[in-house]
Amino acid sequence: MGHQMFEYDAILTDAVFDYCRDRISMSPIPLDFGSLAKMPLADMDGLIRPEGHDPEEILAFFKNELAHAVISTDAPNFLAFIPNAPTKNSLLFDMVVACSGLHGTSWLESAGVVVAENQALAYLADLAGMPFGSGGAFVSGGSMGNLSGLTVGRDVGRTLRPTVAPHEVRFAISADAHSSIGKALHVLGVEPLLVTPDDHRFTREHLAEALAADPHPETVVGVVATAGTTNAGIVDDIEGLGSFAREHGLWYHVDGAYGGASLFSPTHRHLLEGIRHADSFVVDPHKWLFAPLDCAALVYRNPTVARKVLAQQASYLDVLHTGDDEHYEWNPSDFAIHLSRRARGLPFWYSLATNGTLAYETAVQAAIDLAERAAVMIDERDYVELVRPVSLSIVLFRRKGWNADQYTEWSHRLLRNQVAFVTPTKWEGETVGRFAFLHPDTSDELVREILESMRD
Ligand SMILES: *Cc1c(COP(=O)(O)O)cnc(C)c1O
């Protein structure tokens, strides 16, 4: 007899699969309530105790109580932050990954995972125009991708500038860079050279001016560009910043966590052409490439350099770093600040392979086209106006005469009524409305309904 926890339970297995089948077949997906739901906290008292509970009872508790206190990020009416809308195929394959005991740490253990993940990474790198041989790993999110890429950039910068004290190397970043960039530099003990462009778009000229005006330009070893800011969808001057970085020996990191997906957009991919200059590039499949959380692609132009900085050394790991096989150096664990990792790239790989890249093109383009139609709907109504032109799939708009409290009340009302999840943001200090489109099934009717709900 094996241990009771490892016995196969056919009835429970059916119950869980039934739950998953019900959830994945829902149309429409219910938005649900998040923290606006009544939390059954009292019912949870004593749930964890020496003797276990009936698994079906706890599954029912999750289904009937807890699940409603989570807003479905994959609902087409989730328009806040950046949604997460995994394809059906990616969700199903995530179950395969979960049930197969797949590990994604090393070539030795998991060559079959690594080749598939690397195929997806190579596709993205190629789409971005990065050279053959670029590669990296799928990490937990853009934040981890940024931290890892900037760690390598910092160390390379220190090596290239031996006359600069190690603690004095800096990165040039825009004030509109994602909060995770500032956090990464904080962790790394690297000061930013903060550039504040008037129109929020970081260009080659801004970088050149900032360096010219700085008393210690030689300490700046790298630059971060954003391919689609999270708040407004603005794409920096990716080409100009990249060519400047190449000419001046700066590490070039492109944060495309959200907007990197527009490499799939026939109308907007040209904005991202400069990613071909990147030393490190991040795009989150768990955002606009329709993969389940958590999944960000981190790609280096020169993976060998990244491995030298980030591979963990330990006697029990030596077997991972030696071998005759030409692939033994492709350990995903060596390319970021992590060791054990889930094979989190596989659901994305499966979705890309089964749906085909053309389906990705039309799905990404749908959100961009909807953003442009939403701008027209806003222009047609006199009580709302655009705050700035639409960028990628983000729309910032103003309800004339509203204060911050009115936006909050409106946002809660839409959620309580299960119309949509739309949250306000701030633009230049002012509270404004924001749509982040992503799901290709978000409809014009919904956008119209939301705009009408602001009328009075
Ligand atoms: C979302 C986002 C991040 C952070 O990514 P996570 O996956 O949430 O860690 C970084 N940069 C940009 C531009 C983003 O949109």
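Above this note sits the structure.
Keep in mind that this is a model prediction, so the values were computed, not measured. (Residues numbered from 1 in each chain as written. Predicted model: local features only at pLDDT ≥ 70, side-chain atom pairs only at ≥ 80, totals over all residues. Heavy atoms only, no water.)

Participant: Where do I start with the overall build of the protein chain in this structure?
Facilitator: A count of helical and extended segments in the protein chain gives 13 helices and eleven strands. Rg of the C-alpha trace for the protein chain: 24 Å, near the compact-globule value of 23 Å for 456 residues, within the 12% margin. Its C-alpha atoms put the protein chain at 70 × 65 × 45 Å along the principal axes. A separation threshold of at least 6 residues defines the contact pool for the protein chain, and within that pool the share at least 24 residues apart is 74%. Accessible area for the protein chain stands at about 20,800 Å²; split by element, carbon and sulfur atoms hold 56% of it. (Helix = DSSP H or I, 4+ residues; strand = E, 2+ residues; numbered from the N terminus. Rg over C-alpha atoms; globule rule 2.2 N^0.38 Å. Contact = heavy atoms within 4.5 Å. Areas by Shrake-Rupley, 256 points an atom, 1.4 Å probe, with all protein chains shown as cover.)

Participant: For this particular structure, what's the right way to read the packing of helix α5 (residues 142–160) against helix α6 (residues 179–188)?
Facilitator: Angle between the axes and distance between the axes are the two parameters that describe a pair of packed helices. Look at α5 against α6: their axes get within 9 Å of each other, and the N-to-C directions meet at 45°. One finds that α5 runs oblique with respect to α6. Here α5 and α6 pass one another in a crossing that is right-handed. Across the interface between the two elements, S143, N146, L147, L150, T151 and R154 of α5 pack against S180, I181, A184, L185, V187 and L188 of α6. Of the residues that constitute the contact of α5 with α6, the class distribution is seven nonpolar, four polar and one charged. (Axes fitted to C-alpha atoms, helices over the stretch in contact; angles between N-to-C directions. Parallel < 35°, antiparallel > 145°, perpendicular 65-115°, else oblique. Left-handed = near helix turned anticlockwise from the far one by under 90°. Nonpolar A, V, L, I, M, F, W, Y, C, P; charged D, E, K, R; others polar.)

Participant: Would you mind showing me how to read the state of the cysteines here?
Facilitator: By definition, a disulfide links the sulfur atoms of two cysteines through a covalent bond. Tallying each qualifying case throughout the model produces zero disulfides. You can see C20 has no disulfide; the closest cysteine sulfur is in C99, sitting 8.4 Å from it. Among the residues examined, C20 registers a relative accessible area of 23% and is labelled partly exposed. Here C295 is not disulfide-linked; the sulfur of C99 is the nearest cysteine sulfur, at 18 Å. (Disulfide = S-S within 2.5 Å. Buried < 20%, exposed > 50% of the residue type's maximum accessible area, 1.4 Å probe, protein only.)

Participant: Help me understand the site of the ligand, please; the structure alone is not making it clear to me.
Facilitator: Not every one of the 14 residues close to the ligand is listed here, only the nearest: S143, T230, D255, D284 and K287. Note that an oxygen atom of the ligand is positioned 2.7 Å from one of the side-chain N or O atoms of T230. The contact in question runs from a nitrogen atom of the ligand to an N or O atom on the side chain of D255, over 2.6 Å. Broken down by element, the shell around the ligand gets its largest block of residues, three residues, from α5. (Near = heavy atom within 4 Å. Polar contact = N/O pair within 3.5 Å; in protein donor to acceptor, adjacent residues only side chain to side chain.)

Participant: How do you make sense of the environment of N302 when you look at a structure like this?
Facilitator: Inspection of the secondary structure puts N302 in the loop between β7 (296–300) and α9 (303–310). In the structure, N302 is positioned 98 residues away from R204 in sequence and 24 Å away in space, judged by C-alpha atoms.

Participant: I'm lost on the pattern of salt bridges in this one. Help?
Facilitator: It is possible for side chains of opposite charge to pair when their charged atoms get near one another. Applying the stated criterion across every chain yields a total of 20 salt bridges. Here D74 makes a salt bridge to R23, at a shortest N to O gap of 3.6 Å. One end of the pair, D74, is in the loop between α2 (55–64) and α3 (88–99); the other, R23, is in helix α1 (residues 10–25), and 51 residues separate them in sequence. Given a relative accessible area of 13%, D74 falls into the buried group. By relative accessible area, R23 is classed as partly exposed at 24%. Here R342 ties to D94 by a salt bridge, and the two come within 2.9 Å at their closest N and O atoms. Highlighted residues: R342 in the loop between α9 and α10 (346–355) and D94 in helix α3, separated in sequence by 248 residues. Overlapping salt bridges bring together R381, E452 and R455 as one network. (Salt bridge = Lys/Arg side-chain N within 4 Å of Asp/Glu carboxyl O.)

Participant: I'm lost on the packing of aromatic side chains in this one. Help?
Facilitator: Where two aromatic rings form a pair, the distance of their centres and the angle of their planes describe that pair. Under the counting rule described, the total for this entry stands at 18 aromatic pairs. An angle of 70° between the planes, with centres 5.9 Å apart, marks the rings of Y19 and F62 as edge-to-face. Placement of the pair is Y19 in helix α1 and F62 in helix α2, with a sequence separation of 43 residues. By relative accessible area, which is 18% here, Y19 ends up buried. Among the residues examined, F62 registers a relative accessible area of 35% and is labelled partly exposed. Ring pairing ties together the aromatic residues Y123, F138, F264, F290, F348 and Y360, which thus form one cluster. (Phe/Tyr/Trp six-rings, centres within 6.5 Å; stacked < 30°, edge-to-face > 60°.)

Participant: Hey, could you run me through the nonpolar core in this one?
Facilitator: Where a protein is soluble and globular, its nonpolar side chains tend to be buried together. One finds I275, W288, F435, F437 and I450 to be the most contacted residues of the largest nonpolar core, which totals 87 residues. Looking at which element gives the most residues to this core, the answer is helix α11 (residues 357–379), with eleven residues. Each of two domains, domain 2 (96–357) and domain 3 (359–452), supplies a minimum of three residues to this core. Each residue touching F437, except ones within four places of it in the same chain, is listed here: L79, A367, L370, A371, A374, S393, V395, T442 and V447. In terms of nonpolar packing, the next biggest core, distinct from the first, is built from 27 residues, V139, V152, V221 and V282 among them. (Core = buried A, V, L, I, M, F, W, Y, C linked by side-chain atoms within 4.5 Å. Domains from an automatic or database assignment.)

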